[in-house]
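Structural description and commentary
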Amino acid sequence: MSFLSLGLAPSLLRALDNQNYIHPYPIQKEAIPAILNRKDILGIAKTGSGKTASYVLPILMNCQGINVSKNRHINVLVLVPTRELAVQVREVFHLFGSELPKRVKSMAVYGGVSINPQMIALQGVNILVATPGRLLELVNSNAVHLSCIDTLVLDEADKMLNLGFEDEMKRILALLPTKRQNLLFSATLSDNVENIHQLFLHNPVIIKIDAEDDNIELISQSAYFVSDENKGPLLRYLIKSKDLKQVLVFTSSVYKADNVVDKLRKNGIVALAIHSKRSQNARTTALAKFKTGKISVLVATDLLSRGIDIEFLPYVINYELPRSPKDYIHRIGRTGRAESPGEAISFITPDDKDHFRVIQKKMGKWVTMIDSEAMDLI
Ligand code: AMP
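Residues numbered from 1 in each chain as written. Predicted model: local features only at pLDDT ≥ 70, side-chain atom pairs only at ≥ 80, totals over all residues. Heavy atoms only, no water.

Points about the sheet that holds strand β13 (residues 342–348)
What counts is decided by this rule: If DSSP finds at least two bridges between two strands, the strands pair. Strands are runs of DSSP state E lasting at least two residues, helices are runs of H or I lasting at least four, and both sets are numbered from the N terminus onward. Axis lines are fitted to C-alpha atoms, over the contacting stretch for helices. Their N-to-C directions set the angle, which ranges from 0 to 180 degrees.
Across the sheet, which stays open at both edges, the seven strands sit in the order β10-β11-β9-β12-β13-β8-β14 with parallel pairing between neighbours. The open sheet has two edge strands, β10 (271–274) and β14 (368–371), and neither has a second partner. For this sheet, the mean angle separating the axes of adjacent strands, direction not counted, is 20°. Here four bridges tie β10 to strand β11 (residues 297–300), and the two strands are oriented parallel to one another. Counted as the bridge partner of I274 is A300 from β11.

A closer look at the pattern of salt bridges
Formally: Between Lys or Arg on one side and Asp or Glu on the other, a salt bridge is scored when a side-chain nitrogen of the former is within 4 Å of a carboxyl oxygen of the latter. Each residue gets one of three labels from its accessible area relative to the maximum for its type: buried under 20%, exposed over 50%, partly exposed in between, using a 1.4 Å probe on protein chains only.
In this structure the tally under the stated criterion is 10 salt bridges. For the salt bridge of E84 with R283, the shortest nitrogen-to-oxygen distance reads 2.8 Å. In this pair, E84 sits in helix α4 (residues 83–97) while R283 sits in helix α13 (residues 280–291), placing the two residues 199 residues apart along the sequence. Taken as a pair, E84 and R283 share a single burial class, namely buried. Notably, a salt bridge pairs D243 with K245, separated by 2.7 Å at the nearest N-O pair. Residue class for K245 comes out exposed when judged on its relative accessible area of 55%. Ionic contacts of the salt-bridge type, sharing partners, join the residues K51, D155 and E156 into one network.

Brief notes about the site of the ligand
The criterion, for reference: Nearness is defined per residue: one heavy atom within 4 Å of the molecule or strand is enough. Think of a polar contact as two N or O atoms within 3.5 Å of one another; within protein, one of them needs to be a possible hydrogen donor and the other a possible acceptor, and neighboring residues in sequence only count if both atoms come from side chains. Only the protein chains shown count as cover for residues, with accessible areas throughout obtained via the Shrake-Rupley method and a probe of 1.4 Å.
Taken together, 15 residues are adjacent to the ligand, and Y21, Q28, G48, G50 and T52 come closest. Between the ligand and S49 there is a distance of 3.2 Å, counted from an oxygen atom to a backbone nitrogen or oxygen. Summarising the interface, the protein chains cover 89% of the accessible area of the ligand, which totals 500 Å² for the free molecule.

Quick notes on the packing of helix α11 (residues 231–241) against helix α12 (residues 254–266)
To characterise two packed helices, one gives the angle between the axes of the helices and the distance between these axes. Going by this rule: An angle counts as roughly parallel when it lies under 35 degrees, as roughly antiparallel when it exceeds 145, as roughly perpendicular when it falls between 65 and 115, and as oblique in every other case. Each crossing is labelled by how the near helix is turned from the far one, with a counterclockwise turn of less than a right angle marking it left-handed and a clockwise turn marking it right-handed. For this analysis, residues touch if any pair of their heavy atoms sits within 4.5 Å.
For the pair α11 and α12, interaxial distance at closest approach is 11 Å and the crossing angle is 55°. Comparing the axis directions of α11 and α12 gives the class oblique. Considering how the two elements wind past one another, α11 and α12 form a crossing that is right-handed. Contacts from L235, R236 and I239 in α11 reach V260, K263 and L264 in α12.

Notes on the environment of S114
Structurally, the position occupied by S114 is in the loop between β3 (106–109) and α5 (116–121). Residue class for S114 comes out partly exposed when judged on its relative accessible area of 47%. Expressed as a C-alpha distance, the spacing of S114 and L57, which sit 57 residues apart in the sequence, is 30 Å.

As for the packing of aromatic side chains
So the rule is basically this: Side-chain rings of Phe, Tyr and Trp, where Trp is taken by its six-membered ring, are said to pair if the distance between their centres is within 6.5 Å; with planes under 30 degrees apart they count as stacked, over 60 as edge-to-face, and otherwise as tilted.
A full pass over the atoms with the stated rule returns five aromatic pairs. Each ring, one from Y55 and one from F185, has its centre 5.2 Å from the other, and the planes form 35°; the classification is tilted. Taken together, the residues span a long stretch of sequence, with Y55 in helix α3 (residues 51–63) and F185 in strand β6 (residues 181–186) at a distance of 130 residues. An identical accessibility class is assigned to Y55 and F185; each is buried. Summarising the aromatic geometry, the rings of Y328 and F356 are spaced 6.0 Å apart at their centres and angled 65° between planes, so their arrangement reads as edge-to-face.

Some details on the packing of α3 against α4
Counted only if it meets this: Note on residue classes: Ala, Val, Leu, Ile, Met, Phe, Trp, Tyr, Cys and Pro are nonpolar, Asp, Glu, Lys and Arg are charged, and everything else, Gly too, is polar.
Contact geometry of α3 with α4 gives a least axis separation of 10 Å together with a crossing angle of 45°. Between α3 and α4, the angle is such that the two are oblique. Crossing of α3 against α4: the hand is right-handed. Contact residues: α3 offers T52, A53, Y55, V56, L57, I59 and L60, while α4 offers V89, V92, F93, F96 and G97. Of the residues assigned to the contact of α3 with α4, the class counts are 10 nonpolar, two polar and no charged.

Keep in mind these numbers describe shape, not what the thing actually does.
Here you go:
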């Protein structure tokens, strides 16, 4: 099946072609025609499934019928849990919208950066991608109005609820016109998400895609038994011996992330950390440098394990294991995406052994174990 049969405009087909999107992913096959038909959607799909394009493309098409946004009344609102995801989703709108005959202006707003430039730039915006807290600030300052919205997207709704955005979400929903199209995407259908779904979806088309579980098959996984003191040397050894050019290293704490970066730097490996204690600008710069290959190692806390798409990320290293098996799957899901294979490596200390067994059991896959003891790490 090609994108041609999904009812998209020729300019979007050209943009898809430019991006080398040849065949629609399963979620796109189902969601694009339904969204074009103005149906509500409940999409249970994780990052890696192609869910962003599944709503961006038909929304851009539907926007071709609307007039230029006036007096800061936006037409489409996409709510996302994190700043990084806001930037990323907006990039996809921009990427595919650039060739449309009728210009559609999109913008991302999020906290952690000055509000004034965002207030100014909001003039004439049709599609707004926002984190909930900053959106409410902008609404309260009359920088944006939500009463003309005809499409609402909640992306990563489960994460939004887990991060405690429920009140903000309800306050935002109360400001929207009742007649509108609603698209809800969530990695899981938790009780919380179920409540939100009951609250605002009307006869939704339900699409369930187990993309990340499928992805696991694409990822080659291994684990090294290693003592705590030898983790640093093992990381350097792997980076150097495998000549790793783009590797995302996960730690469990902010302190550890900074510490790993320091040690790598002292050993001549250029790395940056990205976590909640770094400013938004520092995070954006680090991610951009990593994406463009200016630095080869990015050290992150779980802030990054969801939602961020880095094309062709070949390696993920769990310097420290996450607490939940779900987070493990999200972390390694950074690799092996978009049908390109990847490798995930985990460091297992004697204290981690039982926990790692639980993770493997939950994942339904056993990972090759390598003992680092006999390795010449220095
Ligand atoms: P997402 O789940 O939206 O984060 O998308 C995951 C990755 O798949 C991104 O790198 C997209 O650019 C890529 N992608 C999405 N749909 C397609 C497609 N139909 N063909 C090729 N790549 C795609």
